[in-house]
Structures are given as structure tokens and as C-alpha cells.
Amino acid sequence: ITASEEVTVILTPLQNPSVNGVSSWTVTTYKYWNSIQGLRYISSQILTAPGFSVLGFVSAQGIGSLTVLEDQSSDCLSGECPAYFGDTASLNFAFQNSVATPVGSTLNFV
């Protein structure tokens, strides 16, 4: 990578935050890497750099339920059909939300 070259960084694993507030990140770059020893010699490091704001969290409580509204299982001829097969289904979960949400609000998950 050369100076000013644009790169893509994939972060894994990331976790759902358990508290609201500003996230903090530690960013470390290394001078060398090899397949035997891995990362070698810290080039630069930023500790607890402020990141994006965490407005709240949502967590699923237990196991939800799935109802297939238009069962198409009779269309499966291979003998190895999925347990649930259809064009329309209803999936229900109970969620805990840390942010006050008015009754009737819609939450979109991406």
C-alpha cells in the first residue's frame, strides 16, 4: 500500500454494544506481516479514538416463531425439501430495545 492509496478494511468480529454513548476504537498499523509470525512491529497506534455514537441497542429475546402463510411444499419433487417452503411467511421475535420507542413504531433491521 502506498501513501494516499485508498484501501478497504473489513472489521471482524464486531459486537452489538451493551451501553449507549460514543464508541471508542484502538487502531494499530504494523510495519511487517508474514504467514508464520503474523503481525510484526507496530508502526503507529491510536488508543481509544472516539468513533460513532451508539444511540441504543436491540436484542432478540429467546427464539421466535415462523409461520408459512402460503405453503408450497407440494411443489417440491426432489424429496429433500426445506422444513419451511413458501412464498410468504410471518416471522415473530420478542425484542428488548434500550431506546424509548412510541407504540406502533417500525424498526428496520439491515
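A quick note: this is a predicted structure, and the numbers were derived from the prediction, not measured.

Regarding the side chain of serine 23
- Structurally, serine 23 can be placed in strand β1 (residues 21-34).
- Residue serine 23 is classed as buried on the basis of its relative accessible area of 14%.
- A polar side-chain atom of serine 23 sits 3.1 Å from a polar atom in the side chain of tryptophan 25.
- At 2.8 Å, the side chain of serine 23 and the backbone oxygen of phenylalanine 52 are in polar contact.
- Residues contacting serine 23, with those up to four places away along its chain left out, are Ala49, Pro50, Gly51, Phe52 and Val54.

Some details on the environment of tyrosine 30
- Within the secondary structure, tyrosine 30 sits in strand β1.
- For tyrosine 30 and tyrosine 41, which are eleven residues apart along the polypeptide, the C-alpha to C-alpha distance reads 5.6 Å.
- In this view, tyrosine 30 contacts Leu39, Arg40, Tyr41, Ile42 and Ser43; residues no more than four positions away in its chain are not counted.

Focus on a nonpolar patch on the surface
- On the surface, Ile1, Val7, Val9, Leu11 and Leu14 cluster together into a nonpolar patch covering about 560 Å² of accessible area.
- Counting through the fold element by element, valine 9 comes out in the segment before β1.

What about the packing of aromatic side chains?
- According to the stated counting rule, one finds two aromatic pairs in the structure shown.
- Measuring from centroid to centroid gives 5.9 Å for tyrosine 32 and tyrosine 41, while their planes differ by 85°, and the two rings are edge-to-face.
- Using a relative accessible area of 52% as the deciding quantity, one classes tyrosine 41 as exposed.

A short note on unusual backbone geometry
- The phi angle at tyrosine 41 is positive, at roughly 60°, despite the residue not being glycine.
- By the secondary structure assignment, tyrosine 41 is in strand β2 (residues 38-54).
- Even without a glycine there, the phi angle at threonine 48 is positive, about 45°.
- Checked against the element boundaries, threonine 48 lands in strand β2.

Rules of the game
- Residues numbered from 1 in each chain as written.
- Predicted model: local features only at pLDDT ≥ 70, side-chain atom pairs only at ≥ 80, totals over all residues.
- Heavy atoms only, no water.
- Helix = DSSP H or I, 4+ residues; strand = E, 2+ residues; numbered from the N terminus.
- Buried < 20%, exposed > 50% of the residue type's maximum accessible area, 1.4 Å probe, protein only.
- Polar contact = N/O pair within 3.5 Å; in protein donor to acceptor, adjacent residues only side chain to side chain.
- Contact = heavy atoms within 4.5 Å.
- Patch = residues over 30% accessible without salt bridge, like charges linked within 9 Å, V, L, I, M, F, W, Y side chains within 5 Å.
- Areas by Shrake-Rupley, 256 points an atom, 1.4 Å probe, with all protein chains shown as cover.
- Salt bridge = Lys/Arg side-chain N within 4 Å of Asp/Glu carboxyl O.
- Phe/Tyr/Trp six-rings, centres within 6.5 Å; stacked < 30°, edge-to-face > 60°.

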